[in-house]
Amino acid sequence: MKSKIKVGLASLLSVLFIATGCTPDQPKESATKATEKKEKTEQTTDANTGASEQKKTSLEDLKDEYDVVIVGAGGGGMSAAIQAKDMGMNPVIFEKMPVAGGNTVKASAGMNASGTKFQKEAGVKDSNDLFFDETLKGGKETNDKELLRYFVDSSANAIDWLDGMGITLNNLTVTGGMSVKRTHRPADGSAVGQYLVEGLLRNVHERDIPLFTDADVKDIKENDGAVSGVKVKFNNKDEKEIKTKAVVVATGGFGANLDMVTSYNKDLDGFVTTNQAGSQGDGVKMIEKLGGDTVDMKEIQIHPTVEQETSFLVTEAVRGEGAILVSQEGKRFVNELETRDNVSAAIIGLKDQYAYLVLDSGVKDRVKAIDFYEKQGFVKKGESIADLAKEINMDAKTLENTMTTWNDNVKAKKDADFGRTTGMDNDLSKGPFYAIKIAPGIHHTMGGAKINTKAQVLKKDGTPITGLYAAGEASGGLHGKNRIGGNAVADIIIYGRQAGTQSSDFVKSLKK
């Protein structure tokens, strides 16, 4: 397999604060070709999203007016809708794709939260201040501190809120840039995305919240400076204007719009993307049309561990549960649980510009997503380390020495080579052994609409657009220059719920 990372490396590495001097030697892949490959991949993986089992609201049930219109049926949109419904509102969700879930269904590691009941049960000592400080450090001190403060202080309650709806995230792991286990995932250690989407959808349906798919919101209407409705195209043909007093934009980012990505960072041309095809930046564009401000649009995150032929993200939990990264030479080259930007840059800095995640059966038992990767053909297996080395054309003696050194580090609780301090609870000594070939891919757009802690969309003068709210990847500022793994799921739940609360309070104020 050839690496898909071929262009602008010197500039990109400069941005990522690692100077390597490496020179790409392969022709770049066009953004169009990468998009076509991505769409083909998604067609083959739809079955894994539970898409075929989703209920669809009939157009016969469409009303002319709703209290709150939510644009987008990912985790943020569904959280907003559930909260609004529970506050006595009559919300509706419009989703342009054929199925609900958005990028949320692809989320893998888990949801970060501090001071939770599940951490306390596991004996994990954590605090909101520590969560704040480590997220700020990960974002290069550029995060919006007010958004971040509300985010960390609301995180434990968000875990309780989900748990109260039968969405229990009580299995703990760690992601890059975090010093304690605060990444919450399903009890069996599986990827969080599908579990979360299925749970939120169940709660949407239990509350009889109408959710229209193939419903593409094209425009947000405004009257006298306040939101008044949306224009929606149904099934790619019929357009209708729906009246409302409040709109929540939860359309996700623009990571699948490679033309838009490269307009902000040309060095990302040719990279594969982990994003679902609907992540085109629609919400941000509509907000800008209304005079809404944006922030951090040039801050686009690449994820270090992406299977390049399918653009499938390999969860950070694999490293959090003990896996290491090795080069084709069979050597470690980075602290695997550094922040995503630094790990990505280290991989790009290798001669081959790819690496292998190497793990044992213990990691595979603790991270159920690996079973799925194995079914997809991503995983190479060897009964011994030497067997594995043969499978991936690696020098066996070098890999064996690397594994022995690592296991000694785990035993001593000290990584003398790269200073890793987390994901070292278990060594890699339980055969069979496994390897997954990975390289970085476009993953998350940190930029988006500028919001305040009430999830209100702000104009350039800092005043809110009346009746307009945004949540999740459609908004910006929370993550700064680099997002910490596990914070995106927390973002959609915390600010999705807040958007539902604040939009409902606003509509109630108009009815008094």
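Please refer to the structure placed before this passage.
Note that the structure is predicted; figures quoted are calculated from it, not measured. All residue numbers refer to positions counted from 1 along the written sequence of the respective chain. In keeping with the model being predicted, local features are shown solely for residues with a pLDDT of at least 70 and side-chain atom pairs are shown and tallied solely at 80 or more, while totals for entire chains, interfaces and linings include all residues. Think of the side-chain values as coming from all heavy atoms in the structure, minus any hydrogens and water.

Asks: Help me understand the overall build of the protein in this model?
Replies: For the purposes of this entry, the term helix denotes a DSSP run of H or I that reaches at least four residues, the term strand denotes a run of E that reaches at least two, and both are numbered from the N terminus. On a plain count of helices and strands, the protein comes out with 16 helices and 21 strands. Using a 1.4 Å probe on the protein chains alone, a residue whose accessible area is under 20% of its type maximum counts as buried, one over 50% counts as exposed, and one in between counts as partly exposed. When burial is assessed residue by residue, the protein has 61% of its 512 residues classed as buried. With the model as given, the accessible surface of the protein reaches about 19700 Å², and the carbon-plus-sulfur share is 46%. In short, Shrake-Rupley with a 1.4 Å probe defines the accessible areas, and a residue's cover is counted only from the protein chains shown.

Asks: Please clarify how the packing of helix α7 (residues 192–206) against helix α16 (residues 487–511) should be interpreted in this entry.
Replies: Each pair of packed helices gets described by two things: the angle between the helix axes and the distance between those axes. Here an axis means a line fitted to C-alpha atoms, over the contact stretch when the element is a helix, while the angle between two N-to-C directions is reported on a 0 to 180 degree scale. As a packed pair, α7 and α16 sit with axes 12 Å apart at the nearest point and diverge in direction by 15°. In terms of orientation, α7 and α16 fall into the roughly parallel class. Every pair of crossing elements has a handedness; the one defined by α7 and α16 is right-handed. Contacts from V192, L196 and L200 in α7 reach V489, I492 and I493 in α16. Angle categories: roughly parallel below 35 degrees, roughly antiparallel above 145, roughly perpendicular from 65 to 115, and oblique for all the rest. Two helices that cross are described as forming a left-handed crossing if the nearer one is turned anticlockwise from the farther one by less than a right angle, and a right-handed crossing if clockwise. Any pair of residues with heavy atoms lying within 4.5 Å of one another is described as a contacting pair.

Asks: Could you clarify how one ought to interpret the sheet that holds strand β21 (residues 475–476) in this entry?
Replies: Hydrogen bonds between backbone atoms are what pair the strands of a sheet, whose relative direction is either parallel or antiparallel. Strand order in the open sheet formed by three strands is β11-β18-β21, with mixed pairing between adjacent strands. Sheet topology places β11 (294–295) and β21 at the edges, where each strand pairs with a single neighbour. When DSSP locates at least two bridges between a pair of strands, those strands are taken to pair. Of the pairings in the sheet, the one linking strand β18 (residues 448–450) to β21 comprises two bridges and is parallel in character. Its bridge partner lying in β21, K450 is registered against G476.

Asks: How should the sheet that holds strand β5 (residues 183–185) be read in this particular structure?
Replies: Strands sit in the order β3-β5-β4 across an open sheet of three strands; the sheet is antiparallel. Two strands bound the open sheet, and with one partner strand each, they are β3 (111–112) and β4 (171–173). Judged from the three bridges that link them, β4 and β5 form a sheet pairing that is antiparallel. Bridge pairing in β5 links T173 to T183.

Asks: Looking at this structure, I do not really get the pattern of salt bridges. What am I missing?
Replies: Opposite charge on two side chains lets them pair, provided their charged atoms get close. Salt bridge criterion: a side-chain nitrogen from Lys or Arg within 4 Å of a carboxyl oxygen from Asp or Glu. Applying the stated criterion across every chain yields a total of 29 salt bridges. A salt bridge links D126 to R182; the shortest N-O distance between them is 2.6 Å. With D126 in the loop between α4 (117–122) and α5 (128–138) and R182 in the loop between β4 and β5, this pair connects stretches of sequence that are 56 residues apart. Overall, the relative accessible area of 18% leaves D126 in the buried class. D425 is paired through a salt bridge with K181; the nearest N and O atoms lie 2.9 Å apart. Taken together, the residues span a long stretch of sequence, with D425 in the loop between α15 (396–412) and β17 (433–445) and K181 in the loop between β4 and β5 at a distance of 244 residues. Here K181 falls in the partly exposed class, since its relative accessible area comes to 30%.

Asks: What is the right way to look at unusual backbone geometry in this model?
Replies: Residues apart from glycine generally show negative phi values, whereas peptide bonds are mostly found in trans. Omega for the peptide link from G431 to P432 comes to 0°, which places this bond in the cis form. As for its placement among the helices and strands, P432 is situated in the loop between α15 and β17. The phi angle at Q353 is positive, at roughly 60°, despite the residue not being glycine. Among the residues examined, Q353 registers a relative accessible area of 7% and is labelled buried.

Asks: Would you explain the pairing of strand β7 (residues 215–223) in this entry?
Replies: Residues in a regular strand project their side chains so that they alternate between the two faces of the sheet. Bridge count for β7 against strand β8 (residues 226–234) is eight bridges, and the pairing is antiparallel. Each residue of the ladder has a partner; that of A215, found in β8, is F234.

Asks: What am I meant to see in helix α3 (residues 75–86) here?
Replies: Side chains three or four residues apart in an α-helix point the same way, a direct result of the helix having 3.6 residues per turn. Residue count minus one, scaled by 1.5 Å, sets the expected span of a helix. Its twelve residues give α3 an end-to-end C-alpha distance of 16 Å, which sits within 8% of 16 Å, the value for a rise of 1.5 Å per residue. Taking burial as the measure, the twelve residues of α3 include ten buried ones, the bulk of the element. Inspection of α3 places G75, G76, G77, M78, S79, A80, A81, I82, Q83 and A84 among the buried residues, and these make up the whole buried set. Its buried side turned inward, α3 meets β1 (68–71), β2 (91–94), α6 (145–164), α7, β10 (246–249) and α16. Note on α3: the residue one or two positions beyond its end, G88, has a positive phi of about 90°.

Asks: I would appreciate a short explanation of the environment of L350 in the present structure.
Replies: Along the chain, the position of L350 falls in the loop between α11 (340–348) and β15 (355–360). In sequence terms L350 and F333 are 17 residues apart; their C-alpha atoms lie 8.7 Å from each other. In this structure, L350 is in contact with S327, F333 and A355, ignoring residues within four places of it in sequence.

Honestly, that's just the spatial picture; any functional story needs more than this.
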